[in-house]
Amino acid sequence: MTIGRIGFAYNPTSDAAVELRERAAGWCRMHGIDHWAAQAQDFDQLCRELATTDALVVLGGDGTFLRAARAVTEVDVPLLGVNLGKVGFLSKVEANELEAVLAKLKAGEFALDDRMALEGRILPGDRAGGGTVHHALNDIVVARGALARVVRMDVAIGTSHLATFIADGLVVSSPTGSTGYSFSAGGPVVDPLSRNLIVTPIAGYLSAIRSVVVGASQVVRCRVVDATEAILSIDGREDMPLSVGDVVEVRALDRAVRLIEPAGGQPFWDLFRRKVELLPS
């Protein structure tokens, strides 16, 4: 694959990200690479530019990466993260490696990893069909709102009732997102190239089921049975209110999100071990 045009999505509130954007632009000018930059949360501009772009490089932490990833679930362009956060599970390279990794992109020295993404649909409890659809790379979460009151949820896998959870919420994660909120809630870390849904309650009360992993052909359904306040969170970037009776359906997105794997990069499990060592003990 030849890289002729690179986009840079960055966190505008980070001085380090803005500085890195300027370094990236300078390198591209020096090496004759067409390029552009946009704020990671500017979904419309990202989608417009991605239509004629060969790779999107994200400058920031995991939050910035997930905001930019929303656009590539709509416009199929390979994605690479340059970490400016504290841990950065989603990033393949660190800021001091920027110029070296851009040189690898220009030379075609990289592979592409297909990552399973998620589709979430809200089905309002007061009417059948319809609903709004949202895409996520990491996870789709049903959770309590600002009030410290648990949510009661009926959870089904396909046509089978799994459990009624009384909990702070429920995380349905992709393999890529298994190192995120799901991991914090006690879920397993799953090989990121697999195709699975990881279903994990958050602080479940008297629950014998801690986490389950199901195949990508399954649909996970979560119905809000009782809640003072409940929300739906998509990759942590946006929250939407849910009402009692609402159903959230989560399934695998048919088309994969492609992540760039630069030549010479660390294998996932080595990278995971190194990132975990950075977490507070």
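Residues numbered from 1 in each chain as written. Predicted model: local features only at pLDDT ≥ 70, side-chain atom pairs only at ≥ 80, totals over all residues. Heavy atoms only, no water.

Caption draft 1: Seen up close, the sheet that holds strand β18 (residues 247–252). In space, the six strands of this open sheet follow the order β8-β7-β18-β15-β10-β11, with antiparallel pairing throughout. Lying at the two open borders of the sheet, with one neighbouring strand each, are β8 (132–136) and β11 (160–167). For this sheet the average axis-to-axis angle between neighbouring strands, irrespective of direction, equals 20°. Bridging between strand β7 (residues 118–123) and β8 involves five bridges; their strand directions are antiparallel. Residue Glu-119 lies in a different strand from β8, and its bridge partner there is His-135. (Pairing = 2+ DSSP bridges. Helix = DSSP H or I, 4+ residues; strand = E, 2+ residues; numbered from the N terminus. Axes fitted to C-alpha atoms, helices over the stretch in contact; angles between N-to-C directions.)

Caption draft 2: How the structure looks around the sheet that holds strand β13 (residues 196–202). Pairing is antiparallel across the open sheet formed by six strands, whose spatial order is β14-β13-β12-β9-β16-β17. In this open sheet, the two edge strands, each paired with only one partner strand, are β14 (212–215) and β17 (238–242). Adjacent strand axes in the sheet meet at a mean angle of 20° when their direction is disregarded. In terms of strand pairing, strand β12 (residues 169–173) meets β13 through five bridges, oriented antiparallel. The residue bridging Leu-170 from the neighbouring strand is Pro-201, located in β13.

Note that all results are geometric; they support no functional claim without further evidence.
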